[in-house]
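Spelled out, the chains give:
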Amino acid sequence: MQTIGIKPPSSDRAPSPAQWGRSRDVSPLAAGVAAAVGGVGAVLALADISSPLRGPLTLFFLVAAPGAAIGSALRGLDPWGRWICAVAGAVALDLLVAEAMLATHRWSVTGGVVTIAVISVVGLVAPMVPARRLLGRAPGRRDS
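From a predicted model like this one, the values you see are computed outputs, not experimental measurements.

Undergrad: Just to check I follow, could you spell out the overall build of the chain for this structure?
TA: The helix and strand tally for the chain stands at five helices and zero strands. The proportion of buried residues among the 144 residues of the chain is 17%. Look at the contacts in the chain between residues 6 or more apart in sequence, and 46% of them connect residues 24 or more apart. Total accessible area on the chain is roughly 11,200 Å²; 67% of this is exposed by carbon and sulfur atoms.

Undergrad: Would you explain the side chain of threonine 58 in this entry?
TA: One can find threonine 58 in helix H2 (residues 54-73). Looking at threonine 58, its side chain comes within polar contact range of the main-chain oxygen of glycine 41, at 3.1 Å. Once residues lying within four places of it in the same chain are set aside, the contact partners of threonine 58 are Gly41, Ala45 and Val113.

Undergrad: Explanation requested: the environment of isoleucine 49 in the structure shown.
TA: Among the secondary structure elements, isoleucine 49 is positioned in the loop between helix H1 (22-46) and H2. The partly exposed category is assigned to isoleucine 49, whose relative accessible area is 38%.

Undergrad: Help me out: how do you make sense of the packing of H2 against helix H4 (residues 109-125) in this one?
TA: In a packed pair of helices, the relevant descriptors are the angle between the two axes and the axis-to-axis distance. At their nearest, the axes of H2 and H4 sit 8 Å apart, and the two run at 25° to each other. Classed by the angle they form, the pair H2 and H4 counts as roughly parallel. Judged by the sense of rotation from one axis to the other, the crossing of H2 with H4 is left-handed. Contacts between H2 and H4 involve Arg54, Thr58, Phe61, Leu62, Ala65, Pro66, Ala68, Ala69 and Ser72 from the first element and Val109, Val113, Ile116, Ala117, Ser120, Gly123 and Leu124 from the second. Across the contact of H2 with H4, the residue classes break down as eleven nonpolar, four polar and one charged.

Undergrad: Is there a simple way to think about unusual backbone geometry in this case?
TA: The bulk of non-glycine residues show a negative phi, and the bulk of peptide bonds are trans. With a phi close to 55°, aspartate 48 is a non-glycine residue in the positive phi region. The phi dihedral of histidine 105 falls on the positive side, at around 60°, and the residue is not glycine. With respect to the helices, strands and loops of the structure, histidine 105 is situated in the loop between helix H3 (79-103) and H4.

Undergrad: Before we go on, may I ask you to explain a nonpolar patch on the surface in this structure?
TA: On the surface, Trp80, Trp83, Ile84, Val87, Val91 and Leu95 cluster together into a nonpolar patch covering about 660 Å² of accessible area. Mapped onto the elements, valine 91 comes out in helix H3.

Undergrad: Can you help me understand the side chain of aspartate 94 in this one?
TA: Inspection of the secondary structure assignment puts aspartate 94 in helix H3. For the buried aspartate 94, no salt bridge exists, and the shortest N-O distance to an oppositely charged side chain is 15 Å, to arginine 54.

Undergrad: Help me understand the nonpolar core in this model?
TA: Within soluble globular proteins, side chains that are nonpolar generally end up buried alongside one another. One finds Ala42, Ala45, Phe61, Leu62, Ala65, Val97, Met101, Val113 and Ile116 forming the largest nonpolar core, which totals nine residues. Broken down by secondary-structure element, the contributors of at least two residues to this core are H1, H2, H3 and H4. At three residues, H2 tops the list of elements feeding residues into this core.

About the cut-offs
Residues numbered from 1 in each chain as written. Predicted model: local features only at pLDDT ≥ 70, side-chain atom pairs only at ≥ 80, totals over all residues. Heavy atoms only, no water. Helix = DSSP H or I, 4+ residues; strand = E, 2+ residues; numbered from the N terminus. Buried < 20%, exposed > 50% of the residue type's maximum accessible area, 1.4 Å probe, protein only. Contact = heavy atoms within 4.5 Å. Areas by Shrake-Rupley, 256 points an atom, 1.4 Å probe, with all protein chains shown as cover. Polar contact = N/O pair within 3.5 Å; in protein donor to acceptor, adjacent residues only side chain to side chain. Axes fitted to C-alpha atoms, helices over the stretch in contact; angles between N-to-C directions. Parallel < 35°, antiparallel > 145°, perpendicular 65-115°, else oblique. Left-handed = near helix turned anticlockwise from the far one by under 90°. Nonpolar A, V, L, I, M, F, W, Y, C, P; charged D, E, K, R; others polar. Patch = residues over 30% accessible without salt bridge, like charges linked within 9 Å, V, L, I, M, F, W, Y side chains within 5 Å. Salt bridge = Lys/Arg side-chain N within 4 Å of Asp/Glu carboxyl O. Lys, Arg positive; Asp, Glu negative; His and termini not counted. Core = buried A, V, L, I, M, F, W, Y, C linked by side-chain atoms within 4.5 Å.

Interpretation in functional terms is not warranted from these geometric data alone.
Right, here's the structure in full:
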């Protein structure tokens, strides 16, 4: 039995400037806008500024910050699977933090926002640190 591969048609023309990596150009821009919107939501919640945008932007921060941390740790999944897992994990983390704060009678909006921010920063930084540095071993050193 012979397997026939499907090859894209070859083109002698160079891609036009309009076709140059549209998705690659939009992704960093969207991430920057999301970070700015989430940051504004966190600032509005922490500064206790009364604004009609405070609720939606704070909610966006509470979903986007842990979602970004979870999504960065799941690089092996396809984009849709990673997106769904990140949103579900962010909602679960928010609920876990809220439940823990209610159970310990320490509920506060600022405390919840700060806790989610700290967990998200740790979750974003943790995959960047090599495991060998966490264990305290150098690559060439052997323990006796």
